[in-house]
Amino acid sequence: MAKELWKGNEAIAEAAIRAGCDCFFGYPITPQSEVPEYMSVHLPEHGGVFVQAESEVAAINMVYGAAGAGMRAMTSSSSPGISLKQEGITYIAGAELPAVIINCMRGGPGLGTIQPGQGDYFQATRGGGNGDYRTVVLSPSNVQETVDFVQEAFDIADQYRNPVMVVCDGLIGQMMEPIEWREIPKRKLPPKDWAASGRKGRDHHNVINSLYMDPEVCDEHNRHLDEKYAEIVKNEIRWEEVECEDAELVITAYGTPARIALTALEALRAEGIKAGLFRPITLWPFPEKALHELAAKEHVKAFLDVEMSSSGQMIDDVRLAVEGQKPISYLGHAGGVMPTVEEMIESAKKALKEVK
Amino acid sequence: MSASAICTHRISIVTGHYGTGKTEFSVNLALALAAEGASVMLADLDIVNPYFRSRERRSLLEEAGVRLISSSQACSDADVPSLPAELLAILENRSLRGVLDIGGDPVGARVLARFQPKIVQEDYQLIYVLNANRPEVRTAEAAVRYLQGIEATTGLTCTGIVNNTHLCGETTEEEIRKGAALAAEVSKETNIPVLCHVAEEKFVSALSDLPETVFPITIKMKKPWE
């Protein structure tokens, strides 16, 4: 199929429509407002429902309701708006409902800046809401991956009855790139026989709930969730390795910094420096084992973690995976500033020099 | 082809659908006009797009002698629809050449409406930038609809179509020709002439058979890894 030029945010919305999204509930915030803008025009054309909610809190609770009725429901926002949605996300996880949440991240904390950021890694992977729950977090690094992942996110959510978050930084949402609409691998999805969508002759009502008053029942519910999360860890971990086969210096990065790293790699390799990139694609579940094994390789001397975050957030997962086998340095900016190719080259050289 | 030949009027107003490449064209046009000796002001009036705005190329433009005015001088990253008072300099100082880089779609073009009474008294052209790879304007019918929407919102009449069809780093000669065909169709339907085809330098000679001239550009609005 011929390539088309799409803006990241519009492509997210179109991808959701193509994935059969029934309902979108959102609230505008830069840099993701093109998502609800596109949805407001095009989702109703496909028979879907678009609601601009009165707030982010309302939007995520509308997602909760629609998902509970068996609809494919989605919301999108950017960092401060995602903070507001956390209560709804933990309810959705607790009630075991499928939902897709897009976070087009900007610089923080608080209102921060409208320029791109990655300071929501902890919030996305540790659970910004209360309780023991997990959100599957997919991290694309270009517009093509973004449209693929958004479509797949609906299937992953349905398969595990769990919220799935796609985190892209503001740059991915705002930039234009050529993409093609390709077939997404089909998954075998369970029937939504739990949905509160009418009794339909059953002998019982379906109830959507995250409240378990009896502590033992709640404990049991948590165990069940845990088993589900273990299943997700077993099946869904994704990452990409670029030129890691002989790399002495491995850059760890996701999203836009990983994209910048590719240019830095070329320059480093041209200078005879063996550099590689390890790019986690699922931030949760994190590719811990793969990174641990890479760190164990004799040719790997050091890691350089690069994020759009002041002192790093993913770096904690990198440290847990590397387990002290090799030193890890850090390069990052917060507040909407992106690391440059030159900075990466310099930091990579410095990291290698320190171990040689 | 010279920029002066494209800008046969004192003020060039660059409009179009989101993401058609208005800013890349505007920045290149302003730089080319300055290189040809004109005293140029570029106004970044994009109030709908938070990234990839011409204000991000301030130093490049100023070094080339182009004066840049943008919607919020004090805080170029604020997403507030404030308009610079200096815009009046372009409208009132007739010794200046002006390039107005407008936000996408009728909604982005709305900034022009309040200046309409002043603009119509000046020697201006309203340019409609077209990119055949943008899904919302890939048919002549849709492209005309956006064009008419922009005219209705601004109260100004479009005088020229610019074919800026590309696929970022994956652009080919065929892509530009595809855009030329769409531009011809839109031109036929609206009776608005095609001003030029925009192409990176490397494509210019291969496109010399096109009925309209080719405006050569170099990519200025780069992504951080480019």
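Note that the coordinates shown come from a computational prediction; the quantities given were computed from them, not determined experimentally.

A. The arrangement of the overall build of chain B in detail. Broken down by element type, chain B carries 8 helices and 8 strands. Here chain B has a C-alpha radius of gyration of 16 Å; the compact-globule value for 226 residues is 17 Å, and the two agree. Each of the 226 residues in chain B was classed as buried or not, and the buried ones make up 48%. Contacts spanning at least 24 positions in sequence make up 72% of the contacts within chain B whose residues lie at least 6 apart.

B. Summary view of helix α8 (residues 173–190) of chain B. Residue and element names in this part refer to chain B. Helix length check: α8 (18 residues) gives 26 Å between terminal C-alpha atoms against 26 Å at 1.5 Å per residue, within 8%. All of the buried residues in α8 are E175, I176, G179, A180, L182, A183 and V186. The elements touched by buried residues of α8 are β5 (124–130), α7 (140–154), β6 (158–163) and β7 (194–200). After α8 finishes, the residue N191 shows a positive phi value of roughly 60°.

C. Broad picture of the interface of chain B and chain A. With 17 residues of chain B at the contact, the number on the chain A side is 25 residues. Residue composition of the side of chain B that touches chain A, grouped by class: 9 nonpolar, 3 polar and 5 charged.

D. Just the nonpolar core, in detail. If you look at the biggest cluster of nonpolar residues, it comprises 102 residues, and the most contacted ones within it are V63, A99, A153, I251 and A261 of chain A. With 9 residues, helix α7 (residues 143–160) of chain A is the largest single contributor of residues to this core. Structurally, this core is a two-domain feature, drawing no fewer than three residues from each of domain 1 (4–236) and domain 2 (240–355) of chain A. Setting aside residues up to four positions removed in sequence, A153 of chain A forms contacts with V100, L138, V164 and V166 of chain A. Counting residues in hydrophobic clusters, the runner-up holds 66 residues, among them A43, L112, A140 and A199 of chain B.

E. Here's a closer look at the sheet that holds strand β11 (residues 275–280) of chain A. All names here are of chain A. Overall, mixed pairing links the 5 strands, which are arranged β9-β11-β10-β13-β14 in an open sheet. Edge positions in the open sheet fall to β9 (239–242) and β14 (328–332), since each of these has one partner strand only. Averaged over all adjacent pairs, the angle separating strand axes in this sheet is 20°, with direction ignored. Both β9 and β11 contribute to a ladder of 4 bridges, which runs antiparallel. Across the sheet, the residue bridging to W239 is P280, located in β11. Lying on the sheet, helix α10 (residues 256–270) is in contact with β9, β10 (249–252), β11 and β13 (302–307); it crosses β11 at an angle near 165°.

Conventions we followed
Residues numbered from 1 in each chain as written. Chains lettered and ligands numbered in written order. Predicted model: local features only at pLDDT ≥ 70, side-chain atom pairs only at ≥ 80, totals over all residues. Helix = DSSP H or I, 4+ residues; strand = E, 2+ residues; numbered from the N terminus. Rg over C-alpha atoms; globule rule 2.2 N^0.38 Å. Buried ≥ 20, exposed ≤ 12 C-beta atoms within 10 Å, placed from the backbone. Contact = placed C-beta atoms within 7 Å. Expected span 1.5 Å × (residues − 1). Nonpolar A, V, L, I, M, F, W, Y, C, P; charged D, E, K, R; others polar. Core = buried A, V, L, I, M, F, W, Y, C linked by C-beta atoms within 7 Å. Domains from an automatic or database assignment. Pairing = 2+ DSSP bridges. Axes fitted to C-alpha atoms, helices over the stretch in contact; angles between N-to-C directions.

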